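# Working through the structure, step by step
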Amino acid sequence: MNPIISVINNKGGTAKTTTVINTGDALSRLGKRILIIDMDNQCNATDILQGGMEKPFVKSLYDLIDPRGDRSDNENADIESCIYPTVNKKLHFIPNIPDSAILSPRIVLGGESALFLLRERMRNYALNNFDFTFIDCPPNVDVFVISALIASDLVIVPTMAGSKFSLNGLVKTKAFIDDIGDRYNADLKFLKLLITMVDSRTSICKTIVNAIRKTFLEHEVFYQTIPMNTDFQKAEVFNQSIFDYRIGAPGAGAYMNVAEEIIHSIKSKNNVLNP
Ligand SMILES: Nc1ncnc2c1ncn2[C@@H]1O[C@H](COP(=O)(O)OP(=O)(O)O)[C@@H](O)[C@H]1O
Ligand SMILES: [Mg+2]
């Protein structure tokens, strides 16, 4: 099975977008076909994947999940017209636009069926055409995140090593994923937490990393952590992945190991996915 993976954390700045871009790029370098869906109307993943080209998107996530379909010729926006290529032949994306913020009340008013639009319009196509689909989620638990979880098989939660508030939030985030799974998507599974922005020189980082590993089971946390590394910010300025910016950066090796861990968890005997 080709998993659809939501990357969530209700806090901003925990490296959700960085994780989606770089794990996606790492998996593509291992020969996998990748689709990235930008669910955040701040459009950070879109900006990076668009690579600085200012061409407007004719169709986007907006058209795919609009319950009224008023921007689309056809209410059931054809998913193929919402998918765009990137400089990397193996990596495609569905962009977001800032206007999609207004879909939030529309989805609420549309009731439960509106929460299933992403799943209905994207899932089969993604499963048939891509090895991995990543959904980059906004920093909250609103209808966009719920729609993403309803459409997904697995969830990755990136968390910052340097914040003392992260641990409490993680327990709540995991409970939120369980609630959505119980109510709407029995196949949804929590994959792993990813500890990001680790500055191994500081004792606070070590304390927080140890506390996370004590609170969660071994298989619930990626063995690999992501180091604090200014190359990530520099890559972002040039709308590049860390691999395109500096393949030798420590962060590039770290995300490659995360990609390998994902492949391993999915293949392993204690398969996280149903066959
Ligand atoms: N490991 C890291 N080291 C240093 N900076 C990082 C790292 N990971 C992400 N960043 C930077 O932190 C900021 C927030 O990351 P981002 O992925 O946009 O978070 P989110 O999507 O969770 O809001 C970005 O400027 C990004 O370049
Ligand atoms: Mg983001």
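The residue numbers shown here count from 1 along each chain, following its written sequence. Both sets of labels track the order of writing: A upward for chains, 1 upward for ligands. Given that this is a predicted model, residues contribute local features only at a pLDDT of at least 70 and side-chain atom pairs are listed and counted only at 80 or more, while totals for whole chains, interfaces and linings are drawn from all residues.

### Section: the overall build of the protein
Worth spelling out the cut-off: Comment: elements are numbered from the N terminus, with helices defined as DSSP H or I runs of at least four residues and strands as E runs of at least two. This entry defines residue contacts through backbone-placed C-beta atoms, with two residues in contact when those atoms are within 7 Å.
Secondary structure summary: the protein contains twelve helices and seven strands in total. Counting only C-alpha atoms, the protein reaches 55 × 40 × 35 Å along its principal axes. Considering only contacts in the protein between residues 6 or more positions apart, those separated by 24 or more positions represent 76%.

### Let's talk about the environment of leucine 191
By the element assignment, leucine 191 lies in strand β7 (residues 189-196). Along the chain, leucine 191 and phenylalanine 222 lie 31 residues apart, while their C-alpha atoms are 9.0 Å from each other.

### A closer look at the site of ligand 1
This is how it is decided: Using a C-beta atom placed from the backbone, a residue is described as near a molecule or strand when that atom lies within 6 Å of it. Residue classes follow a fixed rule: Ala, Val, Leu, Ile, Met, Phe, Trp, Tyr, Cys and Pro count as nonpolar, while Asp, Glu, Lys and Arg count as charged, and any other residue, Gly among them, counts as polar.
Near ligand 1, the surroundings consist of 18 residues, among which Ala15, Lys16, Thr17, Thr18 and Phe232 are the closest. Mapped onto the shell around ligand 1, the elements with two or more residues apiece are α1 (16-29) and α10 (231-237). Class assignment of the residues belonging to the shell around ligand 1 gives a composition of six nonpolar, ten polar and two charged.

### Looking at the packing of α1 against helix α12 (residues 250-267)
Worth spelling out the cut-off: For helices, the fitted line uses only the C-alpha atoms of the stretch in contact; every axis is such a line through C-alpha atoms, and the angle between N-to-C directions lies from 0 to 180 degrees. Each angle receives one of four descriptions, namely roughly parallel if under 35 degrees, roughly antiparallel if over 145, roughly perpendicular if within 65 to 115, and oblique otherwise. Rotating anticlockwise by less than a right angle from the far helix to the near helix defines a left-handed crossing, while the corresponding clockwise rotation defines a right-handed one.
Running from N to C, α1 and α12 point in directions that differ by 70°, and their axes come no closer than 8 Å. By the angle between their directions, the pair α1 and α12 is classed as roughly perpendicular. Our pair here, α1 against α12, has a crossing hand that is right-handed. Residues Asn22, Thr23, Ala26 and Leu27 of α1 touch α12, and the partners they reach there are Tyr255, Met256, Val258 and Ala259. Residues of the contact of α1 with α12, tallied by class, amount to six nonpolar, two polar and no charged.

### Here's the deal with the pairing of strand β2 (residues 34-38)
The following threshold applies: The burial label depends on the number of other C-beta atoms within 10 Å of a residue's C-beta. Counts of 20 or more mean buried, 12 or fewer mean exposed, and intermediate counts mean partly exposed, with C-beta atoms placed from the backbone. Strands are treated as partners if at least two bridges between them are detected by DSSP.
Among the five residues that make up β2, five are buried, leaving the element largely enclosed by the rest of the structure. Of the two faces of β2, the one carrying Ile34, Ile36 and Asp38 and the one carrying Leu35 and Ile37 are both buried. As paired elements, β2 and strand β4 (residues 91-94) share four bridges and run parallel to each other. Opposite isoleucine 37, over in β4, you have isoleucine 94 as the bridge partner. Pairing between β2 and strand β5 (residues 132-136): five bridges, direction parallel. The residue bridging leucine 35 from the neighbouring strand is threonine 133, located in β5.

### Things to note about the sheet that holds strand β6 (residues 154-160)
The seven strands lie next to each other as β3-β4-β2-β5-β1-β6-β7, forming an open sheet whose pairing is mixed. Bordering the open sheet on either side are β3 (84-85) and β7, each of which pairs with just one other strand.

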